[in-house]
Each structure stands twice: as C-alpha cells, then as structure tokens.
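Geometric and topological summary
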Amino acid sequence: MRKYIEKYLLPIAMILGIGFHRQISVLSPAIPYLLAMMLFITYSRVRWSDIKLTRFHYILLSIQYIGSAIIYFVLHPFNETLAQAAMICMLTATATSAPVVTGILGGSIAVTAAYAIISNLSVALIAPLFLSLVGNASETVSLGASFWHIFRSVIPILVLPFLVALLLKKTAPKVHKKVQSAQIVSFYLWAVALTIVIGNITNYVRLQGNSHYRLEIIIGAVSLVICLLQFFFGRKIGRRFGQTVAGGQSLGQKNTVLAIWLTQTYLNPLATLGPGMYVLWQNLVNSWQIWREKRKN
C-alpha cells in the first residue's frame, strides 16, 4: 500500500492543488518552512567538505547569464513583454528545493547545493543591474535593497538547515543518524509543498484575465520550451562531469518566487506570467522524474 501511495502521490498532489486552489493558496506562507525542513533532512547526508565550486558550476553560471541575454535579444524584435518573460525564466537563480529533488532522484546533493548558493548570490548582485537596463526599474528600489531582499529571503532557507544538520551531527550523532535514515519524509513534504505551489499558480493564472490571452498563451508555451531545454542541456552537460541529475536540477529547477519579484520590480508586470507558468512546467517535470524513479525502484 505504501509503495502504491508513493507511486501516485505526486499526480494526486497536483490534482488536489488544481481542484482546491482557492482553499490551498492561503497556505503559501508555509512553503519556506516546508523547504527548510526538506533541506534539513536532505543535508543530513552532506559533509561540509562536499560543498565546493568546480568548473562544472561556472559553466552552468555562464549558460544562465549569457543564455538569458541571447534569449532577450532574439525575442525583443517580436515582443518586448515576451522577451522579458522568456529572459527571466533563464536568468533567475536555482530553486532552494533543487537539492531536495536531486537527493530524491539519487543525484549529488552537495553539487546542487553549492550551485544553488552561488547562483542565488550572483543573481542578487547581477540581476538588478542587468534588469534595470532592460526594463523600467522602480526608482525606489536600490541595488542594496534588491540584494538584501534576495539575501534575506533565500540564503537563510539554503544555509541554516545545513548548519543545523552539521551541529546535530556533532552534538547528537544518534539523532542525526535517525534523521539521515528518514529521507522518505522529504518526499512526503515535497508532495505537500507541490500541492500548495500548484494551488498558487492555478489561482494566479485565473486572476490574470483574458485581455491579453494570445500573448499569455505564447508566453506559457515559450516558458515550457525554455524549461524543457534547461533540464535537457543541464543533464547533458552534467553527464560530462558525472553529475547528470545535479546538472538538470541546477539549470532547470528555478527560484520562481524570486523571478516573479524581480519581474514585478524591474519589468512589465505581465511578464510575471513567464515564471508563473514555469512553476507549473518545472513541477510537472520534477513529478514525472520522481514518479519514474519511484517506479524504477
């Protein structure tokens, strides 16, 4: 029965999120706490010496920044809002939940965690400068304010669970081993978080209205293509370094909450539909990968 539930839990979570999106969307403040709990359990398998930057990480960073600039300049002649929506889907940092999914899929948690940290920190410094040149930046938001917003919303979720896991290992090794052996709990927490996220994006899309429905459909389709390409090329590059799963999750799984905030602050508000739809696509990809992994095992 347990294996059957695990096999179909993620599709059920998505159906619940879509069907009860109004009721579930009020639970969105719980997502950072769910992520922190998932990361704490996941990081219990990682040592401090495992967190280090390599050539692999710098290649992914180059793709993230150069690729986003190329996408913008290619789509800009057709439609400015479309170009902004597509660009932000590639420019934004790696999701804080990426190490969790990497762990569930059997990839290197340390490699993904290292990239998530450097990706979010670099975006905090570079994105405000880059986006202020592209969009209509709010005069009330300084570079320092942008950096602080990103830092305080992302870094505590990424770093604190890791530090707590290390402290637990030194002070209570027996408890640490129990946490280490309870990795399946991350999967159940991910299902809960997925239900809330899908509920949020369903609610968000419904509130957009139909005044720009053609452009909204195109933005949704382009964000899907970008999502699939980033997972594909991330895995392909990762395979060359023996990090297939970590490559796919590092490049493909995005911090869409950060992307939406950056778009609302610096770009056309309609462009937020790009990262908004990206949430759906990346969770569909992740759910399919996890479902396939669970079925295989």
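Further up the page is the structure itself.
Note that the coordinates shown come from a computational prediction; the quantities given were computed from them, not determined experimentally. (Residues numbered from 1 in each chain as written. Predicted model: local features only at pLDDT ≥ 70, side-chain atom pairs only at ≥ 80, totals over all residues. Heavy atoms only, no water.)

What follows covers the packing of aromatic side chains. Under the counting rule described, the total for this entry stands at three aromatic pairs. Seen from their ring centres, Phe56 and Phe241 are 5.4 Å apart, and the 45° between their planes marks the pair as tilted. Separated by 185 residues along the polypeptide, Phe56 in helix α4 (residues 55–75) and Phe241 in the loop between α11 (213–240) and α12 (244–252) bring together distant segments of the chain. By relative accessible area, which is 30% here, Phe241 ends up partly exposed. Aromatic side chains Phe232 and Phe233 sit 5.2 Å apart centroid to centroid with 75° between the ring planes, which places their arrangement in the edge-to-face category. (Phe/Tyr/Trp six-rings, centres within 6.5 Å; stacked < 30°, edge-to-face > 60°. Helix = DSSP H or I, 4+ residues; strand = E, 2+ residues; numbered from the N terminus. Buried < 20%, exposed > 50% of the residue type's maximum accessible area, 1.4 Å probe, protein only.)

Moving on: the nonpolar core. Soluble, globular proteins show a tendency: their nonpolar side chains are buried together. Counting residues in hydrophobic clusters, the biggest one holds 83 residues, and the most contacted among them are Leu10, Met38, Tyr43, Val123, Leu131, Leu262 and Ile290. A per-element tally of this core places helix α10 (residues 184–206) first, with 11 residues. (Core = buried A, V, L, I, M, F, W, Y, C linked by side-chain atoms within 4.5 Å.)

Bringing the environment of Leu168 into the picture now. Note that Leu168 resides in helix α8 (residues 143–171). For Leu168, a relative accessible area of 17% gives the class buried. Between the alpha carbons of Leu168 and Val179 there is a distance of 9.7 Å; along the sequence they are 11 residues apart. Not counting residues within four places of it along the chain, the set of residues in contact with Leu168 comprises Phe40, Pro173, Val175, His176 and Val179. (Contact = heavy atoms within 4.5 Å.)

Describing two packed helices takes the angle between their axes plus the distance from one axis to the other. As a packed pair, α10 and helix α14 (residues 273–296) sit with axes 10 Å apart at the nearest point and diverge in direction by 150°. As far as their axial angle goes, α14 and α10 are roughly antiparallel. Between α10 and α14 the crossing geometry is left-handed. In contact with Ile184, Phe187, Trp190, Leu194, Val197, Ile198, Ile201, Tyr204 and Val205 of α10, α14 contributes Leu273, Gly276, Met277, Val279, Leu280, Asn283, Asn286, Ser287, Ile290 and Lys294. Each residue belonging to the contact of α10 with α14 can be placed in one class, and the counts come to 14 nonpolar, four polar and one charged. (Axes fitted to C-alpha atoms, helices over the stretch in contact; angles between N-to-C directions. Parallel < 35°, antiparallel > 145°, perpendicular 65-115°, else oblique. Left-handed = near helix turned anticlockwise from the far one by under 90°. Nonpolar A, V, L, I, M, F, W, Y, C, P; charged D, E, K, R; others polar.)

A few words now on helix α5 (residues 80–91). Here α5 spans 16 Å end to end across 12 residues, near enough to the 16 Å set by a 1.5 Å rise per residue. Burial within α5 is extensive, with 11 of its 12 residues counted as buried. Turning to α5, its buried residues number three or more, namely Thr81, Leu82, Ala83, Gln84, Ala85, Ala86, Met87, Ile88, Cys89, Met90 and Leu91. Here α5 starts with a cap whose side-chain oxygen sits 3.0 Å from the backbone nitrogen of Thr81, and that cap is Asn79. (Expected span 1.5 Å × (residues − 1). Polar contact = N/O pair within 3.5 Å; in protein donor to acceptor, adjacent residues only side chain to side chain.)

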